[in-house]
Amino acid sequence: MFPKNCWYVACTPDEFAEKPLGRQICGEQIAFYRDNNGKVAAVQDFCPHRGAPLSLGYIEDGQLVCGYHGLKMGRDGKTVSMPKQRVGGFPCVKSYPVEERYGFVWVWTGDASLANADDIPHLEWAVSDEWAYGGGLYHINCDYKLMIDNLMDLTHETYVHSTSIGQKEIDEAPVKTRVVDGEVVTSRFMDNVIAPPFWAANLRTKGLPDDQPVDRWQVCRFSLPSHVLIDVGVALAGHGGKDAPADKRVNSIVVDFITPETETSHWYFWGMARNFKPEDKELTDAIRTGQGGIFAEDLEMLERQQANLLLFPEYDLLKLDIDAGGVQARRMIDKLEKEEQQSRIPLESVSA
Amino acid sequence: MFPKNCWYVACTPDEFAEKPLGRQICGEQIAFYRDNNGKVAAVQDFCPHRGAPLSLGYIEDGQLVCGYHGLKMGRDGKTVSMPKQRVGGFPCVKSYPVEERYGFVWVWTGDASLANADDIPHLEWAVSDEWAYGGGLYHINCDYKLMIDNLMDLTHETYVHSTSIGQKEIDEAPVKTRVVDGEVVTSRFMDNVIAPPFWAANLRTKGLPDDQPVDRWQVCRFSLPSHVLIDVGVALAGHGGKDAPADKRVNSIVVDFITPETETSHWYFWGMARNFKPEDKELTDAIRTGQGGIFAEDLEMLERQQANLLLFPEYDLLKLDIDAGGVQARRMIDKLEKEEQQSRIPLESVSA
Amino acid sequence: MFPKNCWYVACTPDEFAEKPLGRQICGEQIAFYRDNNGKVAAVQDFCPHRGAPLSLGYIEDGQLVCGYHGLKMGRDGKTVSMPKQRVGGFPCVKSYPVEERYGFVWVWTGDASLANADDIPHLEWAVSDEWAYGGGLYHINCDYKLMIDNLMDLTHETYVHSTSIGQKEIDEAPVKTRVVDGEVVTSRFMDNVIAPPFWAANLRTKGLPDDQPVDRWQVCRFSLPSHVLIDVGVALAGHGGKDAPADKRVNSIVVDFITPETETSHWYFWGMARNFKPEDKELTDAIRTGQGGIFAEDLEMLERQQANLLLFPEYDLLKLDIDAGGVQARRMIDKLEKEEQQSRIPLESVSA
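Residues numbered from 1 in each chain as written. Chains lettered and ligands numbered in written order. Predicted model: local features only at pLDDT ≥ 70, side-chain atom pairs only at ≥ 80, totals over all residues. Heavy atoms only, no water.

Chain A appears in an unreviewed UniProt entry as Vanillate O-demethylase oxygenase subunit from Marinobacterium lacunae.

Written as structure tokens, this is what we have:
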């Protein structure tokens, strides 16, 4: 089960540039395409005629055409036309509120009447000229909450990413988790350490020395339904760390949109936003390639962890201090889900 | 469930020329081979000794020998011999009535006492020198009834086969479905149209112009249990269409034997019989290759439709006029199946 | 279900020379590694922190380190340490009695308090300088009892291994099965036959003629839980067969350790011990390659037999004289399993 009355990142526009995209989100089968007004549309991926996936079809004059017998589906889930047929009585399929913003398509998988695009979070790095963004998408066969745990406890970098961003000091530095303004914030500060390879490269890119001690920070922010944005960076030691002047530090935001597919699989939109050399597209590509490689190191661990948890249902997982970020995030998710379920109780049951 | 008291096309003789063929038909595991009289035999694909599939074995002196410990199985499901063993008391396995006719092997998967080879339909194109036949076999992961629907509603050609046999006029021409003499007949006539590439090529083959308007026809005939034979062709416009003189038309029969494997998979024997240039083997091969390519275009659609129907069990499919052929065919199948089930009710239940 | 209070062969030391080995044995997920004393350890393959498979980690100072967040696991299933954590209260995971002996690792998958390494059978060929051993491992998707049946009835050699060790005389010679000192012994003697290719080659290796009649023997010995050791050989005809002087015969022991993974899959450790030319490593390799090829011929048959048995649950298998070895072996296994189950009944149930 997932909270469904929320905006999830579903895809990026390039994924349906040529033909419709079929994707499962929170257990819903959805076809995404761009309509004749240039607006993204999202309808149930099911032709009411004979059940073919609409995403196997094509777009004609901004309408989704079923590739089997030519039914034309509208963005509201109502059939528009079908050759030689009167379609007024055709059953509707679901349509989903959908918004294109910040380079992503956001979909609302629950009660459409509650959808409000203002609830999509503001992402300054996605609209400001001072920032550049690059990222990618992985399909991962594990519960999306395991990915949230992963990102809210960066201790794993020491072990899973030992050759790039991991370093021994990470798991030696204490972490602190707070819930602030509806966000779970887990912070870790490592003062006076040697920059690991990934950050050493970024220091050089910015013209800073890579062989001097730095103050390193990681501030992970979880927000509902399943976004994790992480402030990361290093500053030359003793200049204030995270608050050091811009010419003494290099930093970025690790962007993680984690979208459930099924109970045991999810879509992982990962990327990095940086506010140095934003115009340098080669740098964007280089960082994307590097980050893609690093984040791929998590895949086997997460999928094997998922498989192992299914084999050992009798065990409870530990909840240590380093796990507090994930624990608090799951608590917020569970609360949201429970509220949704209660709001669905029909009136007669309540009065009884 | 499937009607089982009927003749299904099981395989072609070349499939067991070298060694026995194991194939599942209507949920029955069957081993096919040729016995010492040159007659095709079909027995349950299960060695009564230790359960090995008999089709993994070989043929010796016209007997099926289990490849594990050498049990020899007879065509009646009784063990013939086994080294150093007395086999009189060995349990029998099922044997199936089987007939080799028209280049196909036909098997009766139900009550053997009811099997009558006279019920195998007469196929004039398979025995006449004036006709040539070429075809192939596809294994498709969908309910065989979805394939019947597909073939009884050729509207899909416009969408699925747009580059070969599809044309816009197909879904603009009305269809008519009748039940005649135990056959479901769905007809569509398109007068004064341009021949699509497949038919243009056939016109040229027959020495007819390919750039003049033609009258095109498609007459789909379903018969139990799951055969669809389709009269298709084009005639130079205004000469009587389907009834035009032979030198003004080119036509053929699309042959479809659709044999259930499981509830969600089937064997699809497809082919084409033609009554022009029957002696031209190169033409036969060329048509087979072309048809194989066209019919392969249906596979993804059918398998994805099946998967989608399993995901959306709550929806009923529409039954439009274009679907009438499939609807009537399914009605005949359901009736046959119900009759079979009732005939299986034991006497005591009936009298009670 | 399997008897679990016994020693099974789990792996060979080379399998965890570089990193831990994760393997399922009798339904238990186990991580194998070598500890800081050089002793093999076996613990449940589950990190008590977040459920990652411990076998995905690495060994540091003889301790198993979880590759996700650095928990160090001890050979007793108790967490040794974890960065910045007090681990005293961490839940334990199972540990398994384990012994390295005869070039194999033996694991006890049941009640650890009953494990006694003295119960591991003595294997003279594994410790004597007069013998050489070579072997390999196959993973096979069938019930391990089907493999025991296979090895206790060598009639199948005539059919499955017809080009190497099979010969017609095998299934013409009577077999005799006895239960002796807790072993099931199935013997077959074929006097005055031509040596099949495998034995002809071995005769030449030992400088004996390969074109003269030989007396051939096969004595299969099953012992609990699932070991089959087979005395096989040929002697020049008329010199006493199995008891012929060493310079008139060539013989070896086929070694089969058959370890359940799940109900329908197992690990098959196969090999051959010989007491001629034991110092000849090239000969060892040549025999291993030949045997590996021959034993691979059984895989398809066994896996297809398993699949067929699942398709035909209504059939009982025959129990002929040639099957007596397997039947007796299964009887011993069932008895052991039943005893184990009864010994697990809690006292209150017994007194009630």
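Having seen the structure, we can now continue with the description.
### Observations concerning the interface of chain A and chain C
If you look at the interface, chain A gives 28 residues, while chain C gives 28 residues. Across the chain A to chain C interface the summed buried area is about 2500 Å²; carbon plus sulfur atoms make up 61%. Joining chain A to chain C, the criterion identifies 1 salt bridge. Between arginine 50 of chain C and aspartate 149 of chain A there is a salt bridge; the shortest N-O distance is 2.9 Å. (Contact = heavy atoms within 4.5 Å. Buried area = accessible area lost by both parts, 1.4 Å probe. Salt bridge = Lys/Arg side-chain N within 4 Å of Asp/Glu carboxyl O.)

### Some remarks on the interface of chain B and chain A
If you look at the interface, chain B gives 28 residues, while chain A gives 28 residues. A buried area of about 2400 Å², summed over both sides, lies between chain B and chain A, and 61% of it is on carbon and sulfur atoms. Looking at the side of chain B facing chain A, the largest losses of area belong to Tyr159, Met301 and Leu318 of chain B, adding up to 26% of the total buried there. Taken together, the connections running from chain B to chain A amount to 1 salt bridge.

### Observations regarding the relation of the copies chain A and chain C
Two chain copies here: they are related by a rotation about an axis and a translation along the same axis. Aligned on chain C, chain A shows an RMSD of 0.0 Å; the corresponding rotation is 120° and the shift along the axis is 0.0 Å. Both copies are brought into coincidence by an operation consistent with a three-fold rotation axis. (Least-squares fit on C-alpha atoms with pLDDT ≥ 70 in both.)

### Considering the UniProt feature "domain: Rieske" (unreviewed entry) in chain A
Sites flagged by UniProt as "domain: Rieske" (unreviewed entry) map to residues 7-107 of chain A. Between the C-alpha atoms that bound residues 7-107 of chain A the distance is 5 Å, and the span itself is 0% helix and 41% strand. (UniProt positions renumbered as here; feature names shortened; annotations may be inferred. Helix = DSSP H or I, 4+ residues; strand = E, 2+ residues; numbered from the N terminus.)

### As for helix H2 (residues 144-152) of chain A
All names here are of chain A. With respect to burial, H2 is a largely interior element, 9 of its 9 residues being buried. Residues of H2 that are buried: Tyr144, Lys145, Leu146, Met147, Ile148, Asp149, Asn150, Leu151 and Met152. Backbone nitrogen of lysine 145 and a side-chain oxygen of the N-cap are separated by 3.0 Å at the start of H2; the cap is aspartate 143. (Buried < 20%, exposed > 50% of the residue type's maximum accessible area, 1.4 Å probe, protein only. Polar contact = N/O pair within 3.5 Å; in protein donor to acceptor, adjacent residues only side chain to side chain.)

### With respect to the domain arrangement of chain A
Residue and element names in this part refer to chain A. You can read the domains of chain A as domain 1 (7-118) and domain 2 (125-338). On a C-alpha basis, the centres of domain 1 and domain 2 stand 33 Å from each other. At the interface, 15 residues of domain 1 touch 16 residues of domain 2. Carbon and sulfur atoms make up 71% of the area that domain 1 and domain 2 hide from each other, which totals about 1200 Å². On the domain 1 side of the contact with domain 2, Tyr8, Val9 and Phe104 bury the most area, a combined 41% of that side's loss. Where domain 1 touches domain 2, the interface holds 0 salt bridges. Here domain 1 and domain 2 share 4 residue pairs in polar contact (both at pLDDT 80 or more) between them. Those elements giving two or more residues to the side of domain 1 that touches domain 2 turn out to be strand E1 (7-11), strand E2 (21-25) and strand E10 (104-108). Broken down by class, the residue content of the side of domain 1 that touches domain 2 amounts to 10 nonpolar, 3 polar and 2 charged. (Domains from an automatic or database assignment. Nonpolar A, V, L, I, M, F, W, Y, C, P; charged D, E, K, R; others polar.)

### Overview of the nonpolar core
Residue and element names in this part refer to chain C. Ranked by size, the top nonpolar core spans 106 residues in total, and within it Phe32, Trp106, Trp125, Phe222, Phe257 and Tyr268 carry the most contacts. The dominant element in this core, judged by the number of residues it contributes, is helix H6 (residues 281-311), at 8 residues. Setting aside anything within four residues of it in sequence, one finds phenylalanine 222 in contact with Ile148, Met152, Gly182, Glu183, Val184, His227, Val228, Ala329, Met332 and Ile333. (Core = buried A, V, L, I, M, F, W, Y, C linked by side-chain atoms within 4.5 Å.)

### Things to note about the sheet that holds strand E15 (residues 227-236) of chain B
Residues and elements named next belong to chain B. Overall, antiparallel pairing links the 7 strands, which are arranged E11-E17-E16-E15-E14-E13-E12 in an open sheet. Single-partner strands in this sheet number two, and they are strand E11 (132-140) and strand E12 (175-180). Adjacent strand axes in the sheet meet at a mean angle of 15° when their direction is disregarded. In the sheet, E12 pairs with strand E13 (residues 183-193) via 6 bridges, with the strands oriented antiparallel. Residue pairing for E13: lysine 176 is matched across the bridge by serine 187. Strands E11, E13, strand E14 (214-223), E15, strand E16 (249-262) and strand E17 (265-274) of the sheet are contacted by helix H2 (residues 144-152), whose axis makes an angle of about 165° with E16. Taken strand by strand, helix H7 (residues 324-343) contacts E12, E13 and E14, and its axis lies near 165° from that of E13. (Pairing = 2+ DSSP bridges. Axes fitted to C-alpha atoms, helices over the stretch in contact; angles between N-to-C directions.)

### Looking at the packing of H2 of chain A against helix H7 (residues 324-343) of chain A
The description of two packed helices rests on the angle between their axes and on the distance between the axes. Residues and elements named next belong to chain A. Relative orientation of the contacting elements H2 and H7 amounts to 145°, with a least axis distance of 8 Å. Our pair here, H2 against H7, has a crossing hand that is right-handed. Residue-level inspection shows Tyr144, Lys145, Leu146, Ile148, Asp149 and Met152 of H2 in contact with H7, the latter providing Gly325, Gly326, Ala329, Arg330, Ile333, Asp334 and Glu337. Taken together, the residues of the contact of H2 with H7 break down into 6 nonpolar, 2 polar and 5 charged. (Left-handed = near helix turned anticlockwise from the far one by under 90°.)

### Focus: unusual backbone geometry
Residue and element names in this part refer to chain A. At the junction of leucine 224 and proline 225, the peptide bond is cis and its omega measures out at 0° in the coordinates. Structurally, the position occupied by proline 225 is in the loop between strand E14 (214-223) and strand E15 (227-236). Notably, aspartate 61 is not glycine yet its phi reads approximately 50°, a positive angle. Its place among the elements puts aspartate 61 in the loop between strand E5 (58-60) and strand E6 (63-65).

### Section: the pattern of salt bridges
Scanning all chains against the criterion turns up 54 salt bridges over all chains. For arginine 304 of chain A, the salt bridge goes to glutamate 300 of chain A, with nearest N and O atoms at 3.8 Å. Here glutamate 300 of chain A and arginine 304 of chain A lie together in helix H6 (residues 281-311), a separation of 4 residues that amounts to about one turn. For glutamate 300 of chain A, a relative accessible area of 48% puts it in the partly exposed group. A salt bridge links arginine 101 of chain C to glutamate 99 of chain C; the nearest nitrogen and oxygen atoms lie 3.6 Å apart. Among the residues examined, glutamate 99 of chain C registers a relative accessible area of 22% and is labelled partly exposed. Counted as one network, the salt bridges with shared partners bring together Lys4, Glu28 and Lys94 of chain A.

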